[in-house]
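Spelled out, the chains give:
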Amino acid sequence: MKKLKPLYFALDFQTGDEALDFLERHHLTGIPVKVGMELFYKEGPSIIHRLKENGHEIFLDLKLHDIPETVRRAMRGLASMNIDVVNVHAQGGEEMMRSAKLGLEEGAQDHVPILLAVTILTSSDQKMLEEELLIDHPLTDVVKHYGTRADKCGVDGAVCSVEEAEIIKKHTALAALTPGIRLPGGEKHDQKRVATPEKARENGSDAMVVGRAIRDAEKPGEMYRKIKEAFQHESINTHP
């Protein structure tokens, strides 16, 4: 089974041309990238093919959440595009997660994509769980519960905040991929639970997703390397 890459750059762009131009201009061609809903819904499978032609490993971040058979069929189609990582919402339940894994196995070509389960979005907090979702358990307990269920279903990893990565690593065999990464002093934007790359490493995170902190930097290429090096505890003068 393939391992997660240390850092995925979130392609938060409106068009494929814009994303590919950005990668080329800032010498980021070939790095692992995350394609989310905004870009995939606009461009469709063509953006996957174009990125693959440029040597990118792709985390397709669509967070599927539907009835099990629909998710199985969707995953079968996504796997045929030779993506590397894909995800579902753990809230969809055990049968749905098992169906997602089955669909990936049915549709895979060269390799079965890594399947991740989203626990609690980093834009959520305890107040939201209680007041909007009517979940009256501590957020950390919910993450642990979702993680152990995903592990039971053959899922490969969990998407969780840095704060909960330690819980995932302690109670499951799942890899932990953590969004909400910011350098010290960076803006939180719409994220409520954020942390630095160093904190992610300390808490056991296996991989990170970073978007705006790189995209909006004065020198995105340097920022990408700086974040990656901080996570891997490399010298700031050592380049990948």
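All figures in this text were calculated on a predicted structure; none of them were measured in a lab.

Engineer: It is not clear to me how the packing of aromatic side chains should be interpreted in this structure. Could you clarify?
Structural biologist: Working definition: an aromatic ring pair is given by the centre-to-centre distance plus the angle between the planes. Here the structure, examined in full by the defined rule, presents four aromatic pairs. Taking 5.8 Å as the distance between ring centres and 35° as the angle between the ring planes, the aromatic pair formed by F9 and F22 counts as tilted. Placement of F9 in strand β1 (residues 7-10) and of F22 in helix α1 (residues 16-25) is noted, with a sequence separation of 13 residues between them. For the ring pair F13 and F22, a centre distance of 5.0 Å and an interplane angle of 45° mean the geometry is tilted. The same class applies to F13 and to F22, which are both buried. Each member of the aromatic cluster is reached from another via a ring pair, and the members are F9, F13 and F22.

Engineer: How should I be thinking about the layout of surface pockets in this particular structure?
Structural biologist: A water-sized probe, rolled over the atoms, reveals where empty space remains. The computed volume of the second largest pocket comes to approximately 180 Å³. Residue lining of the second largest pocket: eleven residues in total, with K2, K3, L4, A175 and D206 positioned closest to the centre. Among the residues making up the lining of the second largest pocket, the classes are represented as six nonpolar, no polar and five charged.

Engineer: What am I meant to see in the sheet that holds β1 here?
Structural biologist: Backbone-to-backbone hydrogen bonds join strands into a sheet, with any given pair of strands oriented parallel or antiparallel. Read once around its circumference, the closed barrel built from eight strands follows the order β1-β2-β3-β4-β5-β6-β7-β8, with strand pairing classed as parallel. Between one strand axis and the next, the sheet turns by 30° as a mean value, whatever way the strands run. Pairing geometry for β1 and strand β2 (residues 33-35), over two bridges, is parallel. Its bridge partner being in β2, A10 is matched across the sheet by K34. Seen against the sheet, helix α11 (residues 220-232) touches β1 and β8 (207-210) and runs at an angle of roughly 155° to β8.

Engineer: Even after reading the chapter, I still don't get α11, so can you show me in this structure?
Structural biologist: Residues three or four positions apart in an α-helix share a direction because the helix packs 3.6 residues into each turn. Along its 13 residues, α11 runs 18 Å from first to last C-alpha, staying within 8% of the 18 Å computed at 1.5 Å per residue. Of the residues making up α11, those classed as buried are P220, G221, M223, Y224, I227, K228, E229, A230 and F231. On its buried face, α11 sits against β1, α1, α9 (197-202), β8 and α10 (212-215). Downstream of α11 by one or two residues, H233 has phi in the positive range, about 60°.

Cut-offs used in this document
Residues numbered from 1 in each chain as written. Predicted model: local features only at pLDDT ≥ 70, side-chain atom pairs only at ≥ 80, totals over all residues. Heavy atoms only, no water. Phe/Tyr/Trp six-rings, centres within 6.5 Å; stacked < 30°, edge-to-face > 60°. Helix = DSSP H or I, 4+ residues; strand = E, 2+ residues; numbered from the N terminus. Buried < 20%, exposed > 50% of the residue type's maximum accessible area, 1.4 Å probe, protein only. 1 Å grid on protein atoms, 1.4 Å probe; cavity = no way out; pocket = protein on both sides within 12 Å on 5 of 7 lines; lining within 4 Å. Points joined across faces, edges and corners; volume = space filled by probe spheres on them. Nonpolar A, V, L, I, M, F, W, Y, C, P; charged D, E, K, R; others polar. Pairing = 2+ DSSP bridges. Axes fitted to C-alpha atoms, helices over the stretch in contact; angles between N-to-C directions. Contact = heavy atoms within 4.5 Å. Expected span 1.5 Å × (residues − 1).

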